[in-house]
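What the coordinates show
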Amino acid sequence: MAISAAQVKELREKTGAGMLDCKKALEESNGDFEKAIEILRKKGAAVAAKRAERTASEGLILTKVFDNGKSAAILEVNCETDFVAKSDDFVNFAETALELLLENKPENVEALLNLSKDGKTLKDALNDITGKIGEKIEISRFDIINVDNGLIVDYIHHGSKLGVLLAAENVPEDKKDDLAVILKDIAMQIAAMKPLTIYREEVDKDVIEKELEIYKEVARKEGKPEQVLEKIATGKLNKFYEENCLVEQVFVKDNTKKVGALIDEFNKANGAQVKLKTFRRYHTSDEKK
């Protein structure tokens with residue numbers, strides 16, 4: 001049967017698929033709209049499967065703080081190119097994913113993809129947008145953090161490819177606004193300096209052992225005597241902590257103090273016992289595990 005331009009236009013408005021794809025789907029379904037939509041969805045799934053092995057290192061990081069600053073979510077949605085990451089279709093999909101994440105708090109990405117909005121699962125929406133755009137698109141990870149008697153702040157770096165959540169505990173209710181300013185600065189520090197942990201006690205023991213062995217081996221090859229290798233390695237390990245543990249890092253906005261001093265000064269001025277608890281740092285270029 002002949003397919004009219006009006007039919008093609010209507011299907012395009014319903015699905016967002018390209019004009020040619022809509023025309024082909026209507027021809028294949030003999031003008032049956034429901035079948036045509038199914039054909040387009042299958043095409044999207046086929047494109048997704050074909051693109052599965054490609055690298056999606058562009059995208060968006062989205063964050064949301066809720067429950068009066070005691071809970072927050074961070075979500076990463078990836079695509080292949082920066083052009084697509086800025087498109088309305090991609091941004092709308094990412095925002096829908098965040099909305100479903102906040103409403104349902106699923107356990108993992110698979111559970112998130114199985115959630116529905118307006119009668120359509122997020123997985124179907126993903127296939128639809130993949131078929132329309134023709135790139136690999138994926139929800140790679142998300143996290144929800146909570147803190148009792150505390151405060152969480154978020155920070156999204158310009159371009160939305162880098163995002164941070166930072167949580168502090170033992171926060172006086174009447175000092176939340178003052179502390180939020182400090183925590184925002186520390187969140188920016190995390191974005192810029194990429195710490196491994198907040199405190200040195202949190203560094204994985206395997207990482208410490210590996211670092212010590214490297215330092216000893218380097219010193220050994222430099223001809224240092226065996227009896228001083230341990231001392232040399234310990235000194236270098238302290239430098240490692242200063243570079244990789246948040247509270248020991250030099251504050252990027254004032255290199256005369258360490259990050260930990262910001263919290264110490266706040267506590268002293270307010271008779272408080274605020275403690276940094278945890279952080280999440282997502283960057284679209286990070287290697288996903």
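Scope of this entry: the structure provided in the associated data block.

**Regarding the sheet that holds strand 1 (residues 58-66)**
Strand order in the open sheet formed by three strands is 1-2-5, and the pairing between neighbours is antiparallel. Each of the sheet's edge strands pairs with one partner strand only, and the pair in question is strand 1 and strand 5 (138-146). Averaged over all adjacent pairs, the angle separating strand axes in this sheet is 10°, with direction ignored. Pairing between strand 2 (residues 71-79) and strand 5: eight bridges, direction antiparallel. Bridged to Ser-71 within strand 5 is Asn-146.

**Quick look at the side chain of Ser-71**
For Ser-71, the location among the structural elements is in strand 2. At 2.6 Å, the side chain of Ser-71 and the side chain of Asn-146 are in polar contact. Setting aside anything within four residues of it in sequence, one finds Ser-71 in contact with Lys-64, Val-65, Phe-66, Ile-145, Asn-146 and Ile-152.

**Looking at helix 8 (residues 176-193)**
Compared with the 26 Å implied by 1.5 Å per residue over 18 residues, the 25 Å span of helix 8 between its first and last C-alpha is a close match. Those residues of helix 8 not exposed but buried are Lys-176, Leu-179, Ile-182, Leu-183, Asp-185, Ile-186, Ala-187, Gln-189, Ile-190 and Ala-191. Once helix 8 finishes, Lys-194 follows within two positions and takes phi at roughly 50°, a positive value.

The rules behind these values
Every residue gets a number counted from 1 within its own chain, in the order that chain's sequence is written. pLDDT decides what is reported in this predicted model: residues at 70 or higher carry local features, side-chain atom pairs at 80 or more are listed and counted, and totals for whole chains, interfaces and linings draw on all residues regardless. The side-chain values count all of the structure's non-hydrogen atoms but skip hydrogen atoms and water molecules. Should DSSP find at least two bridges between two strands, the strands are regarded as paired. Counting from the N terminus, the helices are the DSSP runs of H or I reaching at least four residues and the strands are the DSSP runs of E reaching at least two. Orientation is described by axes fitted as lines to C-alpha atoms, over the contacting stretch for helices, and by angles from 0 to 180 degrees between their N-to-C directions. What qualifies as a polar contact is a pair of N or O atoms within 3.5 Å, subject to a donor-acceptor requirement within protein and to the restriction that residues adjacent in sequence count only when both atoms come from side chains. Contacts were defined at the residue level, with two residues in contact if any of their heavy atoms lie within 4.5 Å. Given the number of residues in a helix, its expected span is that number minus one, multiplied by 1.5 Å. Remark: exposure states derive from per-residue accessible area (1.4 Å probe, protein chains only) relative to the maximum for the residue type, with buried under 20%, exposed over 50%, and partly exposed in between.

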